[in-house]
Amino acid sequence: MQVNSTPQLSNCADWHSHLYEPVFDLDRDDVIARAKAVGITRFCCDASKESDWIDIENLYKQYGKTTIRPGFGIHPWFSGATQPGWQDRLISKLDQYSDAVVAEIGIDWIRRAYVPFDVQTKTFLEQMEIARDLNRSVTIHCVRAWDKALALFKDFGRFSPEMTFHSFSGSIHDAQWLMLHYNAFFSFGVEIQTGKKESLVQTYKFLLDGAPQTIRFESDSPYMPLIKGTRNEPANIKIPSL
Ligand SMILES: [Zn+2]
């Protein structure tokens, strides 16, 4: 199946990246220019930990709001190392930047040996509540924990802003449930281009047929490259031909 009409890169964003990482310090202008040359003009820069927030602010100031969408939050891998008062500081950061989202937040079953799952869950839900109170979109990392995530959402209840599931790995059933209850979007990394992961391709095709408006693309730069050991960058995003 050739996919070249919908979805389009004309929504022009890399929906999840970490462009503030030092690995881009020497050539960030070039990285952004290469992405713009292939039609990607806006970059969601999502934090992993609180110390990233200042770097994201600096990128926002340097490149401007039409180029950088800031994401402030605590990633589940770092949710065991938060400093007291982070919640208030997150709220004030969101107050300061009206276009900022709460990201990257979530739960990761694989990492539970490093960060206890209850700690991950507590930090995730606290951030979901902040996002709900401030009516901010969220970008969610969920790895091998879809049954647990859906159970958490059932308890959590109403949430009107956009939820973008980064590097979506849930099932078709998960996607259906999320679309039914939330303003859900499903972001696919460059991995989808290979067509190698059968379940991922099935979910992608299901969304493409029935809800193409929910599909987003991301690089997760500098992570998740197609070639192991290399640095990923937003210009590597392409609409998959599957
Ligand atoms: Zn990420």
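You'll find the structure just up there.
Residues numbered from 1 in each chain as written. Predicted model: local features only at pLDDT ≥ 70, side-chain atom pairs only at ≥ 80, totals over all residues.

*Asks:* What am I meant to see in the overall build of the protein here?
*Replies:* Of the regular secondary structure elements, the protein holds seven helices and eight strands. Its C-alpha radius of gyration of 17 Å places the protein within 12% of the 18 Å reference for a compact globule of 242 residues. Each principal axis of the C-alpha atoms in the protein carries an extent, and together these give about 50 × 40 × 30 Å. Evaluated residue by residue, the protein yields a buried proportion of 40% over its 242 residues. If you take every contact in the protein between residues at least 6 apart in sequence, the share linking residues at least 24 apart comes to 76%. (Helix = DSSP H or I, 4+ residues; strand = E, 2+ residues; numbered from the N terminus. Rg over C-alpha atoms; globule rule 2.2 N^0.38 Å. Buried ≥ 20, exposed ≤ 12 C-beta atoms within 10 Å, placed from the backbone. Contact = placed C-beta atoms within 7 Å.)

*Asks:* Any chance you could explain helix α6 (residues 172-181) here in plain terms?
*Replies:* An α-helical turn contains 3.6 residues, so any two residues separated by three or four positions project in the same direction. Every buried residue of α6 is listed here: Asp174, Ala175 and Leu178. Considered in projection along α6, the buried side chains sweep an arc of 95° and stay on one side of the axis. Away from the buried face of α6 by more than 90 degrees, exposed residues His173 and Leu180 are located. On its buried side, α6 packs onto α5 (146-156), β7 (183-188) and α7 (198-210). (Arc of directions from axis to C-beta.)

*Asks:* How do you make sense of the pairing of strand β4 (residues 101-108) when you look at a structure like this?
*Replies:* Remark: a regular strand shows side chains that alternate across the two faces of the sheet. Most of β4 is tucked away: eight of the eight residues are buried. Sheet analysis places strand β3 (residues 68-72) next to β4, joined by two bridges and oriented parallel. Residue pairing for β4: glycine 71 is matched across the bridge by valine 101. Two strands pair when backbone bridges link them, and β4 and strand β5 (residues 138-143) are joined in this way by five bridges, in the parallel orientation. Note that in β5 the partner of valine 102 across the bridge is valine 138. Of the crossover connections in this fold, the one passing from β4 over helix α4 (residues 117-134) to the parallel β5 is right-handed. (Pairing = 2+ DSSP bridges. Right-handed = clockwise from strand over helix to strand, strands pointing away.)

*Asks:* Explanation requested: the environment of histidine 166 in the structure shown.
*Replies:* With respect to the helices, strands and loops of the structure, histidine 166 is situated in the loop between β6 (162-165) and α6. Taking the number of C-beta atoms within 10 Å as the measure of exposure, histidine 166 has 26 and is therefore buried. Here the alpha-carbon distance between histidine 166 and threonine 82, two residues 84 residues apart in the chain, equals 22 Å. Contacts of histidine 166, omitting those with residues within four sequence positions, involve His16, Glu104, Thr139, Ile140, His141, Ser187 and Glu218.

*Asks:* Honestly, the pairing of β5 in this entry has me stumped. Any pointers?
*Replies:* Burial within β5 is extensive, with five of its six residues counted as buried. Note: β5 against β6, three bridges, orientation parallel. By the bridge assignment, threonine 139 is partnered in β6 with threonine 164. In this region the chain leaves β5, passes through α5 and returns to the parallel neighbour β6; the handedness of that crossover is right-handed.

*Asks:* What is the right way to look at the environment of cysteine 12 in this model?
*Replies:* For cysteine 12, the position within the fold is in the segment before β1 (13-17). For cysteine 12, a count of 13 C-beta atoms within 10 Å gives the class partly exposed. Ignoring sequence-local partners within four residues, the contact set of cysteine 12 consists of Gly39, Ile40, Thr41 and Arg42.

*Asks:* Honestly, the sheet that holds strand β2 (residues 42-46) in this entry has me stumped. Any pointers?
*Replies:* Sheet architecture is open: eight strands sit in the order β1-β2-β3-β4-β5-β6-β7-β8, paired in parallel fashion. Each edge of the open sheet carries a strand with a single partner, namely β1 and β8 (215-217). The mean inter-strand angle of the sheet, taken between neighbouring strand axes irrespective of direction, is 30°. (Axes fitted to C-alpha atoms, helices over the stretch in contact; angles between N-to-C directions.)

*Asks:* Please clarify how the nonpolar core should be interpreted in this entry.
*Replies:* Side chains that are nonpolar tend, in soluble globular proteins, to be buried together. With 53 residues, the main nonpolar core has Phe72, Val102, Val138 and Phe186 as its most contacted residues. The element best represented in this core is β4, accounting for five residues. Apart from the residues lying within four places of it in its own chain, the contact partners of valine 102 are Phe72, Gly73, Gln127, Ile130, Ala131, Arg136 and Val138. (Core = buried A, V, L, I, M, F, W, Y, C linked by C-beta atoms within 7 Å.)

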